[in-house]
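What follows is the residue order along each chain.
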Amino acid sequence: RDDDDINDVASMAGVNLNEESARIVAANSDLVGTQMQSCKDEPFLAAIPLHKRILETAKKLGITDVPAEVVTFISHATQNRLRAVLEKVTVITQHRMESYKDDEWYEQATDVRSQLKFFEQLERLEKQRKDEQEREILLKAAKSRSRQEDPEQARLKQKAKEMQQQELAQMRQRDANLTALAAIGPRKKRRLDAPGLLSIGGEGVGLCGGSQGLGTASPRQYPRQKITRVNLRDFIFYMEQEREMSHSLLLYRALLK
């Protein structure tokens, strides 16, 4: 009845589907049951030192034989553990490096850096004021012409003389530096963004554009890879959040550093 069905296009064209299926199976019979092998499983850690370390630990527990599959399993477990730790620490570092200054909801409450600069400026002004007072005292002591001078007055005169000699030496050094800079002349900055030029050994070399003569070749732009720098503080924060490591000896050693 199927052969007489007007909607059966295959039977109308004289094609027997059962015969075609049997022919395809017979043609691909050599592929049936073939074992497909993947690439070799490479362990993450060195197998020989790891196996030796596992045997040393196993002997303490009364185990004398450790198969190679255990070594491979522990190596893969170490790799997965290390990958998970690095992923979590990377997220912590990225959160630490985030800047909220451009956020519309960010409102700066205190500026510690400006406060420190202000205190440094106050200390500098106070030191300058004390130096000026000491300078005036020394100058007055140097100008005094009393016949009977006490040892303190003589000491102040000697100190004033040393201060004047030091200032004179500084002025001479400054004048010598200015004279040397004037003799050298203004320094010209080298243009590194000149189109079509490459600097090789301190000489500019032009790039030719084929048959068109000297061409302007744009410098190759390499994408700068973003580097996430993890420090010890990020690892300490990670260990504090982990239940297995929050009371470990490794955490206390890291806190002591």
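Residues numbered from 1 in each chain as written. Predicted model: local features only at pLDDT ≥ 70, side-chain atom pairs only at ≥ 80, totals over all residues. Heavy atoms only, no water.

Looking at an unreviewed UniProt entry, the protein carries the name TAF4 factor, with the source organism given as Leucopsar rothschildi. Listed under Sequence similarities (unreviewed entry) in UniProt, the entry text for the protein is "Belongs to the TAF4 family." (UniProt positions renumbered as here; feature names shortened; annotations may be inferred.)

Participant: Please set out helix α4 (residues 68–97) residue by residue, giving values where relevant.
Facilitator: Compared with an ideal rise of 1.5 Å per residue, which puts 30 residues at 44 Å, α4 spans 43 Å between its outermost C-alpha atoms and is within 8% of the ideal. Those residues of α4 not exposed but buried are V71, S75, V85, V89, I92 and T93. Of the surrounding elements, those touching the buried residues of α4 are α3 (47–60) and α7 (232–241). (Helix = DSSP H or I, 4+ residues; strand = E, 2+ residues; numbered from the N terminus. Expected span 1.5 Å × (residues − 1). Buried < 20%, exposed > 50% of the residue type's maximum accessible area, 1.4 Å probe, protein only. Contact = heavy atoms within 4.5 Å.)

Participant: Explain the pattern of salt bridges to me, and be specific about the residues and the numbers.
Facilitator: Summed over all chains, the structure comprises 4 salt bridges. In this structure, the salt-bridge partner of D234 is R96, at a minimum N-O distance of 2.8 Å. Of the two residues, D234 is situated in helix α7 and R96 in helix α4; the sequence distance between them amounts to 138 residues. Note on D234: relative accessible area 2%, which makes it buried. (Salt bridge = Lys/Arg side-chain N within 4 Å of Asp/Glu carboxyl O.)

Participant: Account for the nonpolar core, naming residues and giving values.
Facilitator: Ranked by size, the top nonpolar core spans 9 residues in total: V85, V89, I92, I236, Y238, M239, M245, L251 and A254. For this core, the secondary structure elements donating two or more residues are α4, α7 and α8 (249–256). Contacts of I92, omitting those with residues within four sequence positions, involve D234, F237 and Y238. (Core = buried A, V, L, I, M, F, W, Y, C linked by side-chain atoms within 4.5 Å.)

Participant: Tell me about the side chain of T93, and please be specific about residues and values.
Facilitator: Note that T93 resides in helix α4. Of the polar contacts made by the side chain of T93, one reaches the backbone oxygen of V89; its length is 2.9 Å. Aside from chain neighbours lying at most four places away, what touches T93 is T228, R229, V230 and D234. (Polar contact = N/O pair within 3.5 Å; in protein donor to acceptor, adjacent residues only side chain to side chain.)

Participant: Requested: an account of a nonpolar patch on the surface, with residues and values cited.
Facilitator: Together, F44, L45, L82, L86, V230, L232 and F235 make up an exposed nonpolar region whose accessible area comes to about 540 Å². For the nonpolar patch, the elements supplying multiple residues, two or more each, are α4 and α7. Residue position: L82 is located in helix α4. (Patch = residues over 30% accessible without salt bridge, like charges linked within 9 Å, V, L, I, M, F, W, Y side chains within 5 Å. Areas by Shrake-Rupley, 256 points an atom, 1.4 Å probe, with all protein chains shown as cover.)

Participant: Just give me the short version of the packing of α3 against α4, but keep the residues and values in it.
Facilitator: It is the contact of α3 with α4, at a shortest axis distance of 10 Å, that shows an interaxial angle of 105 degrees. As far as their axial angle goes, α4 and α3 are roughly perpendicular. Seen from α3, the contacting residues are A47, L50, H51 and I54; seen from α4, they are V71, I74 and S75. Here the contact of α3 with α4 is built from residues that sort into 5 nonpolar, 2 polar and no charged. (Axes fitted to C-alpha atoms, helices over the stretch in contact; angles between N-to-C directions. Parallel < 35°, antiparallel > 145°, perpendicular 65-115°, else oblique. Nonpolar A, V, L, I, M, F, W, Y, C, P; charged D, E, K, R; others polar.)

Participant: Pulling in residues and values, what's your account of helix α6 (residues 151–184)?
Facilitator: Spacing of three or four residues puts side chains on the same side of an α-helix, whose turn is 3.6 residues. Under the 1.5 Å per step criterion, the end-to-end length of α6 is 50 Å for 34 residues, consistent within 8% with the ideal 50 Å. Taken residue by residue, α6 has Q153, L156, A160 and M163 as its buried positions. Phi turns positive one or two residues past the end of α6, at G185, with a value near 90 degrees.

Participant: Outline the packing of α4 against α7, listing residues and values.
Facilitator: The packing of two helices is summarised by the inter-axis angle and the distance between the axes. As a packed pair, α4 and α7 sit with axes 9 Å apart at the nearest point and diverge in direction by 115 degrees. Taken together, the axes of α4 and α7 lie roughly perpendicular to each other. Between α4 and α7 lies a crossing whose hand is right-handed. Two secondary-structure elements touch here, α4 through R81, V85, K88, V89, I92, T93 and R96 and α7 through R233, D234, F235, F237 and Y238. (Left-handed = near helix turned anticlockwise from the far one by under 90°.)

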